[in-house]
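A look at the structure
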Amino acid sequence: MVMDVRFEQVDFTYQPKSPFEQRVLFQLDMTIKDGSYTAIVGHTGSGKSTLLQHLNALLKPTQGTVKIGERIITPESNNKNLKPIRKKVGIVFQFPEAQLFEETVAKDIMFGPKNFGVPEEQARQLAEEYLELVGLPADILEKSPFDLSGGQMRRVAIAGVLAMEPEVLVLDEPTAGLDPQGRKEMMAMFEALHKQKKMTIVLVTHLMDDVADFADYVYVLEKGQLVKEGTPRDVFQDVSWLEEKQLGVPTATRFAQKLMAKGVSFKTLPLTAKELADMILAKEDQNYDE
């Protein structure tokens, strides 16, 4: 079954019809395609976190429709019938290690599957499988998650989401607080999941290098509205617009811009360090031939 997530004219207002009413999403039309690696970027307060919670019906639209696979969520949808969606769409919130609570790593990873009716023995197998998948050794299964390092705790929390075997994995700033090596390993793990398990990934991040390196489509959110969308290559060509919005661009793109200011020309701006290096080498070869 194709598992697209589609927003149609979605509005969301916190505490509607009260003195504290706050509208945070405005007329959103967007599609997260099955099997895609979609990035959502925008400043703090742009509505990213609210949008995320619509992806698995933690929030329902105040107006409009969210379609998750074959399920249609409207303002009138019955909350009792939404639980199965949370098995299909797993959300890894920022600092997910804060959500660990069980006495052992195994119990924490098994909690989600058991909550959805998976028998004990099968849940245990899932815990072992996904612990290995996130790069942790089996001998920590009976340890307390609180005896682990911060990076290991995060991986355990992610294994708990993955053990529910979602079709869509939503990542809210997944590398926040990690050192550069931890960040690199974490992003490589998500890339492997995307490629090997054909999992749809939705990445919310302020790190434009990660968008350039991994995403195949990007949405830019500002004050609850979609203000730009396209492939990273399309979006990052418009450097002056991004800088005007104070959103930043990938490191390689910025470096290429500095070279352009010194008279080096590029047909298109590179997105990644490898692309930049290849373009510079091609220029050197061209100069050598001349």
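Look a little higher up for the structure.
The model shown is predicted, which means the values in this text are computed figures rather than measured ones.

1. Digging into the layout of surface pockets
Roughly 530 Å³ of volume is contained in the largest pocket. If you go around the largest pocket, you meet 24 residues; those closest to its centre are Ile91, Gln99, Phe111, Val161 and Met164. Counting residues per element, the lining of the largest pocket draws most heavily on helix H3 (residues 105-115), at five residues. Looking at the lining of the largest pocket residue by residue, the class counts come to 15 nonpolar, six polar and three charged. The volume enclosed by the second largest pocket comes to roughly 250 Å³. Considering the residues around the second largest pocket, the lining is formed by 16 residues, among which Gly42, His43, Thr44, Lys48 and Glu173 are closest to the centre.

2. Digging into the environment of Thr231
With respect to the helices and strands, Thr231 occurs in the loop between strand E10 (225-230) and helix H8 (232-237). Classification of Thr231 by relative accessible area gives partly exposed; the value is 31%. In sequence terms Thr231 and Ile32 are 199 residues apart; their C-alpha atoms lie 13 Å from each other. Each residue touching Thr231, except ones within four places of it in the same chain, is listed here: Asp216, Tyr217 and Val218.

3. Observations regarding the nonpolar core
Ranked by internal contacts, the top residues of the largest apolar core, which has 58 residues, are Val156, Leu169 and Phe190. What Val156 contacts, discounting residues up to four positions off in sequence, is Leu100, Val105, Ile109, Leu131, Leu136, Ile140 and Leu148. In terms of nonpolar packing, the next biggest core, distinct from the first, is built from 29 residues, Val24, Leu52, Leu59 and Tyr219 among them.

4. Re the sheet that holds strand E8 (residues 200-204)
With mixed pairing, the six strands of this open sheet are ordered in space as E6-E7-E8-E3-E9-E10. Looking at which strands have only one partner, the edges of the open sheet turn out to be strand E6 (89-92) and E10. Neighbour to neighbour, the strand axes of the sheet diverge by 20° on average, direction disregarded.

5. Here's the deal with the pattern of salt bridges
Considering all chains together, one arrives at 18 salt bridges under this definition. Across the pair Lys67 and Glu8 runs a salt bridge, and its minimum N-O distance is 3.5 Å. With a gap of 59 residues between them, Lys67 in strand E4 (residues 63-68) and Glu8 in strand E1 (residues 5-14) connect regions that are remote in the sequence. Here Lys67 falls in the partly exposed class, since its relative accessible area comes to 27%. For Glu8, a relative accessible area of 28% translates into the label partly exposed. A salt bridge links Lys228 to Asp238; its shortest N-O distance comes to 3.2 Å. Here Lys228 is found in strand E10, whereas its partner Asp238 is found in the loop between H8 and helix H9 (239-244), with ten residues between them in sequence. Salt bridges sharing partners connect three or more residues here, namely Arg124, Glu128 and Glu142.

Thresholds applied
Residues numbered from 1 in each chain as written. Predicted model: local features only at pLDDT ≥ 70, side-chain atom pairs only at ≥ 80, totals over all residues. Heavy atoms only, no water. 1 Å grid on protein atoms, 1.4 Å probe; cavity = no way out; pocket = protein on both sides within 12 Å on 5 of 7 lines; lining within 4 Å. Points joined across faces, edges and corners; volume = space filled by probe spheres on them. Helix = DSSP H or I, 4+ residues; strand = E, 2+ residues; numbered from the N terminus. Nonpolar A, V, L, I, M, F, W, Y, C, P; charged D, E, K, R; others polar. Buried < 20%, exposed > 50% of the residue type's maximum accessible area, 1.4 Å probe, protein only. Contact = heavy atoms within 4.5 Å. Core = buried A, V, L, I, M, F, W, Y, C linked by side-chain atoms within 4.5 Å. Pairing = 2+ DSSP bridges. Axes fitted to C-alpha atoms, helices over the stretch in contact; angles between N-to-C directions. Salt bridge = Lys/Arg side-chain N within 4 Å of Asp/Glu carboxyl O.

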